[in-house]
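Residues per chain are reported as follows:
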Amino acid sequence: MITFTRPDGDGHGVGSSFHPADASPGSAAASVRSRTHDEAGAVLAELYGYLREQTPAHPALATVLPVLGDAVAQHRAGRTADPYDGARAVLAAIEAVRRSDATIPEP
């Protein structure tokens, strides 16, 4: 058992205890995976916002929409080992279009 104690304002100890058997194996790893998955989803949402704003002024960015659609589908299905793979693919597609049109702003 691990116990943490800190003094409170009255000089008494306030603490909490943790016993490793109280945690299920992999629960911390699952929490990190879930948080990382959520963060990667937020990046995809930001990229969608970028494309929604920029595509009307820069129609060449429309070619990135299928890449984004695939990335979102894979993200929702959890089919990638790295949750950021989809975002990387979308960014690479955006950069490819930007190389042909310098007026397109960075995402």
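Structure: above.
Attention here is on the structure that accompanies the text. (Residues numbered from 1 in each chain as written. Predicted model: local features only at pLDDT ≥ 70, side-chain atom pairs only at ≥ 80, totals over all residues. Heavy atoms only, no water.)

**Points about the environment of Leu51**
Point 1. The topology assignment puts Leu51 in helix 1 (residues 27-54).
Point 2. Its relative accessible area of 2% is what places Leu51 among the buried residues.
Point 3. Discounting chain neighbours no more than four positions away, the residues touching Leu51 are Pro56, Leu61, Val64, Leu65, Leu68 and Ile94. (Helix = DSSP H or I, 4+ residues; strand = E, 2+ residues; numbered from the N terminus. Buried < 20%, exposed > 50% of the residue type's maximum accessible area, 1.4 Å probe, protein only. Contact = heavy atoms within 4.5 Å.)

**Some points on helix 3 (residues 85-100)**
Point 1. The terminal C-alpha atoms of helix 3, which comprises 16 residues, lie 24 Å apart, in line with the 22 Å expected from a rise of 1.5 Å per residue.
Point 2. Along helix 3, the residues that are buried comprise Gly86, Ala87, Val90, Ala93, Ile94, Val97 and Arg98. Seen along its axis, helix 3 keeps its buried residues to an arc of 140°; they face one direction. (Expected span 1.5 Å × (residues − 1). Arc of directions from axis to C-beta.)

**Focus on the environment of Tyr50**
Point 1. Relative to the helices and strands, Tyr50 resides in helix 1.
Point 2. Overall, Tyr50 belongs to the buried group, its relative accessible area being 9%.
Point 3. Considering only alpha carbons, one finds Tyr50 and Glu106, 56 residues apart in sequence, at a separation of 9.1 Å.
Point 4. Not counting residues up to four positions away in its chain, the partners in contact with Tyr50 are Leu61, Ile94, Arg98, Ile104, Pro105, Glu106 and Pro107.

**Considering the pattern of salt bridges**
For side chains bearing opposite charge, pairing can occur when the charged atoms are close.
Point 1. Following the criterion strictly, the structure yields three salt bridges and no others.
Point 2. Residue Asp82 pairs with Arg88 through a salt bridge whose shortest N-O separation is 2.9 Å.
Point 3. Look at Asp82 and you get partly exposed, because its relative accessible area is 25%.
Point 4. Glu95 is the salt-bridge partner of Arg98, the closest N and O atoms lying 3.0 Å from each other. Pair noted here: Arg98 and Glu95 are both in helix 3, with a separation of three residues, about one helical turn.
Point 5. Looking at Arg98, the relative accessible area reads 19%, which means it is buried. (Salt bridge = Lys/Arg side-chain N within 4 Å of Asp/Glu carboxyl O.)

**Brief notes about the packing of helix 2 (residues 65-77) against helix 3**
Point 1. At a closest axis distance of 9 Å, the pairing of helix 2 and helix 3 adopts a crossing angle of 175°. In terms of orientation, helix 2 and helix 3 fall into the roughly antiparallel class. On helix 3, the residues that touch Val67, Leu68 and Ala71 of helix 2 are Gly86, Ala89, Val90 and Ala93.
Point 2. Of the residues that constitute the contact of helix 2 with helix 3, the class distribution is six nonpolar, one polar and no charged. (Axes fitted to C-alpha atoms, helices over the stretch in contact; angles between N-to-C directions. Parallel < 35°, antiparallel > 145°, perpendicular 65-115°, else oblique. Nonpolar A, V, L, I, M, F, W, Y, C, P; charged D, E, K, R; others polar.)

**Here we look at the environment of Leu91**
Point 1. One can find Leu91 in helix 3.
Point 2. Its relative accessible area of 34% is what places Leu91 among the partly exposed residues.
Point 3. Expressed as a C-alpha distance, the spacing of Leu91 and Val64, which sit 27 residues apart in the sequence, is 8.9 Å.
Point 4. Apart from residues lying up to four places away in sequence, Leu91 is in contact with Leu47 and Pro107.

Shape descriptors only; they carry no functional weight alone.
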